[in-house]
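Residue strings, one per chain:
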Amino acid sequence: MMMISLPCRNTFLRTFSLYHSAPAITVAAAAAAYTTTTLQDIATNHKPGIAKVVLKKGKTQLFRDGSPMVYSGAVDRIIGRPPPKTGDIVLVADGTEKPIGWGLYNSVSMFCVRLMQLEDEAARDPSYALDMDRLLETRIGAAIDLRKALGLPSAHTNAYRLVNSEGDRLSGLIVDVFGELAVIASSAAWVEKYRQEIESYISRINEINHIKWRPSADILKEEGLELTDLDDSVASPSLQTVKVENILLHFGTNSTLTYSWKLLDLNGLTIFPGL
């Protein structure tokens, strides 16, 4: 240890203890801060360039732990020219500008980024990093496999939720299946942007012959989309009635109630029991 005395403004002396190991620690910390990541490497070669949303100090861990929606109050600054537009892919980074994940940006919503993949996931499997088409294929495929593992659809019911928004890591997207009909509920601007891709993947499911797209107008308005921007068309206008054999409603852990339903009136998607 060496002792250094430095003059203070008021002519008194302050004594500081400096350890010889301090420079080495500083160098190591600096090196760690500037280590490249899988997402950074991929983004470097991405055309067009990808903007970076930098989080405020102390906000990073929340999103590393899995919170999927980055709220505007957690954002310190956005790096990128021109600035990102709603629906654009962006990197989400910590205060040192090191990416922790990537997602889809919204310039209007209180949730300015919906995270799609974290850095450690991209490091393990970079096949769909910064690629929404591949990510949708992967996540919807995983949702289908999970329902099959749960026995859905089954001899007892052909009505179930195929994609459950954040539960299937597709924040803002819900897909309910009623027999041969898939009802896709959209509550995020990115879902509207990728409507064609989503419908394409859902239509590949063997049991699905009809698709109904249902935008949540009030929520999408908060996402920056006006009613005139939304196309609430029915993909299969010839479909009038869907027979839903059984819907299983679970309350608690052991109680199961079974009802017979028919699904009528696709314009309003009204369900009438007992018909």
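Preceding block: the structure.
Below is a short write-up of the structure. These numbers were taken from a predicted model, which means no experiment stands behind them. (Residues numbered from 1 in each chain as written. Predicted model: local features only at pLDDT ≥ 70, side-chain atom pairs only at ≥ 80, totals over all residues. Heavy atoms only, no water.)

## A closer look at the overall build of the protein
How we decide: Numbering goes from the N terminus for both helices and strands, where a helix is a DSSP run of H or I of at least four residues and a strand is a run of E of at least two. In this scheme, a residue with accessible area under 20% of its type's maximum is buried, one over 50% is exposed, and one in between is partly exposed, where area comes from a 1.4 Å probe on protein chains only. Residues are treated as being in contact if the distance between any of their heavy atoms lies within 4.5 Å. Surface accessibility follows the Shrake-Rupley procedure with a 1.4 Å probe radius. Residue values consider only the protein chains on display as shielding.
Along its length, the protein carries eight helices and 15 strands. Looking at the protein as a whole, 40% of its 275 residues are labelled buried. The long-range fraction of contacts in the protein, counting pairs at least 24 apart against all pairs at least 6 apart in sequence, stands at 48%. Of the roughly 15,600 Å² that the protein leaves accessible, carbon and sulfur atoms contribute 55%.

## Comments concerning the nonpolar core
Rules: What makes a nonpolar core is a set of buried Ala, Val, Leu, Ile, Met, Phe, Trp, Tyr and Cys residues whose side-chain atoms join them at distances within 4.5 Å.
Ranked by size, the top nonpolar core spans 38 residues in total, and within it Trp102, Met132, Leu162, Leu173, Trp190, Ile198 and Ile202 carry the most contacts. For this core, the element with the highest residue contribution is helix α5 (residues 132-149), accounting for six residues. Not counting residues within four places of it along the chain, the set of residues in contact with isoleucine 202 comprises Ile140, Leu162, Val175, Ala182, Ile184, Ile208 and Ile211. If you look at the next biggest cluster of nonpolar residues, it comprises 15 residues, including Leu55, Ile100, Val113 and Leu115.

## Remarks on the sheet that holds strand β10 (residues 173-178)
Strand pairing in a sheet relies on backbone hydrogen bonds. The paired strands run either parallel or antiparallel. Applicable threshold: By this definition, two strands are paired if DSSP reports at least two bridges between them. What counts as an axis is a line fitted to C-alpha atoms, over the stretch in contact for a helix, and the angles between N-to-C directions run from 0 to 180 degrees.
The sheet built from four strands is open, its strands ordered β9-β10-β11-β12 with mixed pairing. The open sheet terminates on both sides in strands that have one partner only, identified here as β9 (159-164) and β12 (210-215). Strand after strand, the sheet turns through a mean of 20° between neighbouring axes, direction not considered. Where β10 and strand β11 (residues 181-186) come together, six bridges link them in antiparallel fashion. Each bridged residue has a counterpart across the sheet, and for aspartate 176 the counterpart in β11 is valine 183. Running at roughly 145° to β12, helix α7 (residues 195-203) makes contact with β9, β10, β11 and β12 of the sheet.

## Some thoughts on the environment of proline 215
Within the secondary structure, proline 215 is located in strand β12. In sequence terms proline 215 and glutamate 192 are 23 residues apart; their C-alpha atoms lie 8.0 Å from each other.

## Observations regarding the pattern of salt bridges
Defined as follows: Salt bridges are defined as contacts in which a side-chain nitrogen from Lys or Arg sits within 4 Å of a carboxyl oxygen from Asp or Glu.
Using the criterion set out here, one finds twelve salt bridges in the structure. Salt-bridge contacts for aspartate 176 lead to arginine 161; the nearest nitrogen and oxygen are separated by 2.7 Å. Taken together, the positions of aspartate 176 in strand β10 and arginine 161 in strand β9 put the pair 15 residues apart, joining distant regions of the chain. Each of Asp76, Arg77 and Glu97 takes part in a single network of salt bridges with overlapping partners.

## Structural notes on α7
The criterion, for reference: Starting at the helix axis, one direction is taken to each C-beta atom, and the arc is that of these directions.
Within α7, burial applies to Arg195, Ile198, Glu199, Tyr201 and Ile202. All buried residues of α7 fall inside an arc of 165° around its axis, so they share one side. Buried residues along α7 sit in contact with α5, β9, β10, β11, α6 (189-193) and β12.

## Notes on α5
Put simply, the rule is: Expected helix span is given by 1.5 Å per residue-to-residue step, counting one fewer step than there are residues.
With 18 residues, α5 should cover 26 Å at 1.5 Å per step; its first-to-last C-alpha distance of 25 Å lies within 8% of that length. Along α5, the residues classified as buried are Met132, Leu135, Leu136, Arg139, Ile140, Ala143, Ile144 and Arg147. Down the axis of α5, the buried set is contained in an arc of 160°. They therefore lie on one face. Turned more than 90 degrees from where α5 packs its buried face, Asp145, Lys148 and Ala149 sit exposed.

## Some remarks on the packing of aromatic side chains
Two numbers describe a pair of aromatic rings. These are the distance of the centres and the angle of the planes. Put simply, the test is: When the centres of two rings from Phe, Tyr and Trp lie within 6.5 Å, Trp using its six-membered ring, the rings pair. Their planes under 30 degrees apart give stacked, over 60 give edge-to-face, and anything left gives tilted.
One pass over the full model with this rule turns up two aromatic pairs. Ring centres of phenylalanine 63 and tyrosine 71 lie 6.0 Å apart, and the angle between their planes is 50°; on these two criteria the pair is classed as tilted. For tyrosine 71, a relative accessible area of 27% corresponds to the partly exposed category.

## Remarks on the sheet that holds strand β5 (residues 75-79)
Taken together, the six strands give an open sheet; going across it, the order is β4-β8-β7-β6-β3-β5, and neighbouring strands pair in mixed fashion. Bordering the open sheet on either side are β4 (69-71) and β5, each of which pairs with just one other strand. Going across the sheet, the axis of each strand differs from the next one's by a mean of 35°, ignoring polarity. Where strand β3 (residues 51-55) meets strand β6 (residues 89-93), four bridges bridge the pair, whose relative direction is parallel. Bridge pairing in β6 places lysine 52 opposite leucine 91.

## Quick notes on the packing of α5 against α7
So the rule is basically this: By convention the crossing between two helices is left-handed if the near helix lies anticlockwise of the far one by an angle smaller than a right angle, and right-handed if it lies clockwise. Throughout this entry, Asp, Glu, Lys and Arg are counted as charged residues, while Ala, Val, Leu, Ile, Met, Phe, Trp, Tyr, Cys and Pro are counted as nonpolar. The remaining residues, Gly among them, count as polar.
As a packed pair, α5 and α7 sit with axes 10 Å apart at the nearest point and diverge in direction by 35°. When the axes of α5 and α7 are compared, the crossing they make is right-handed. Residue-level contacts link Asp133, Leu136, Glu137 and Ile140 of α5 to Glu197, Ile198, Tyr201 and Ile202 of α7. Here the contact of α5 with α7 is built from residues that sort into five nonpolar, no polar and three charged.

The analysis is restricted to geometry; functional conclusions fall outside its scope.
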